[in-house]
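Residue-level listing of the chains:
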Amino acid sequence: MWLSWKAGFVLCGCLVAIAVAIRPGLFTGTTWRLKGLRDQAQARWLLTTRAVASEAAVVAGLYSIWQLAGTVSVMKVNGALERARWLWDIERWLHLPSEAAMQRLVLPHSWLVQ
């Protein structure tokens, strides 16, 4: 299923609205006494729905950002060296560590690499 970034953001917004609409305030205490709900099964279903909607909203949001980045990125080979130089200059200007320096910190620790 391929969604455009716009449709993905709409889906994300709808899922967030669902997650917000199902508030924990529907339930009182840990004994699952319910305000207006029939039984514990309905309460569990609502809590599960809220959790699924929250997680799906995160996935839809990240997917939308990925799709948006794909539409605005430059996918051509022409000018790649110029863009690389520009990125290198930005990294130096921000005083970010080089990739080699980061690898020297991480590579001795196999658990971290994995």
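Analysis parameters
- Residues numbered from 1 in each chain as written.
- Predicted model: local features only at pLDDT ≥ 70, side-chain atom pairs only at ≥ 80, totals over all residues.
- Heavy atoms only, no water.
- Helix = DSSP H or I, 4+ residues; strand = E, 2+ residues; numbered from the N terminus.
- Buried < 20%, exposed > 50% of the residue type's maximum accessible area, 1.4 Å probe, protein only.
- Areas by Shrake-Rupley, 256 points an atom, 1.4 Å probe, with all protein chains shown as cover.
- Patch = residues over 30% accessible without salt bridge, like charges linked within 9 Å, V, L, I, M, F, W, Y side chains within 5 Å.
- Salt bridge = Lys/Arg side-chain N within 4 Å of Asp/Glu carboxyl O.
- Core = buried A, V, L, I, M, F, W, Y, C linked by side-chain atoms within 4.5 Å.
- Expected span 1.5 Å × (residues − 1).
- Arc of directions from axis to C-beta.
- Phe/Tyr/Trp six-rings, centres within 6.5 Å; stacked < 30°, edge-to-face > 60°.
- Contact = heavy atoms within 4.5 Å.

Caption draft 1: The overall build of the protein, seen in detail. Scanning the protein from terminus to terminus reveals five helices and two strands. Counting helices and strands in the order they occur from the N terminus, the protein gives α-β-β-α-α-α-α. Counting across all 114 residues of the protein, residues that qualify as buried make up 13%. Of the roughly 9,300 Å² of accessible surface on the protein, a fraction of 68% belongs to carbon and sulfur atoms.

Caption draft 2: Layout of the side chain of Gln67. Summarising the element assignment, Gln67 is placed in helix α2 (residues 40–72). Taking the relative accessible area as the measure of exposure, Gln67 reaches 16% and is therefore buried.

Caption draft 3: Broad picture of a nonpolar patch on the surface. On the surface, a cluster of nonpolar side chains totalling about 660 Å² of accessible area is made up of Trp86, Leu87, Ile90, Trp93, Leu94 and Leu96. By the element assignment, Leu94 lies in the loop between α3 (80–93) and α4 (99–106). For Leu94, a relative accessible area of 46% gives the class partly exposed.

Caption draft 4: Just the nonpolar core, in detail. In terms of nonpolar packing, the biggest core is built from six residues, these being Cys12, Leu15, Ala19, Ala53, Ala57 and Ala60. Counting residues per element, the ones that place at least two in this core are α1 (5–21) and α2.

Caption draft 5: Quick peek at unusual backbone geometry. Here His95, not a glycine, exhibits a phi torsion of approximately 60°, which is positive. Residue position: His95 is located in the loop between α3 and α4.

Caption draft 6: Quick look at α1. Taking 1.5 Å as the rise per residue, α1 with 17 residues should run 24 Å; its terminal C-alpha atoms sit 24 Å apart, in good agreement. Residues Gly8, Cys12, Leu15 and Ala19 constitute the buried set of α1. Angularly, the buried residues of α1 cover 70° about the axis, an arc narrow enough to put them on a single face. In α1, those exposed residues whose orientation departs by more than 90 degrees from the buried face are Lys6, Val10 and Val20.

Caption draft 7: Geometry of the packing of aromatic side chains. Here the structure, examined in full by the defined rule, presents two aromatic pairs. Here the aromatic rings of Tyr63 and Trp66 are separated by 5.7 Å at their centres, their planes lie at 50°, and the arrangement is tilted. One end of the pair, Tyr63, and the other, Trp66, are both in helix α2, three residues apart, so they sit about a helical turn from each other.

Caption draft 8: Summary view of the side chain of Ser64. Topologically, Ser64 is positioned in helix α2. The residues contacting Ser64, other than those within four sequence positions of it, are Trp5, Gly8 and Phe9.

Caption draft 9: Focus on the environment of Arg50. Tracing the backbone shows Arg50 in helix α2. According to the relative accessible area criterion, Arg50 is partly exposed, its value standing at 28%. Taking the C-alpha atoms as reference points, Arg50 and Leu15, separated by 35 residues in sequence, lie 9.0 Å from one another.

Caption draft 10: Spotlight on the environment of Ser98. Relative to the helices and strands, Ser98 is located in the loop between α3 and α4. Looking at Ser98, the relative accessible area reads 22%, which means it is partly exposed. When the C-alpha positions of Ser98 and Trp88 are compared, they lie 9.2 Å apart, and in sequence the two are ten residues distant.

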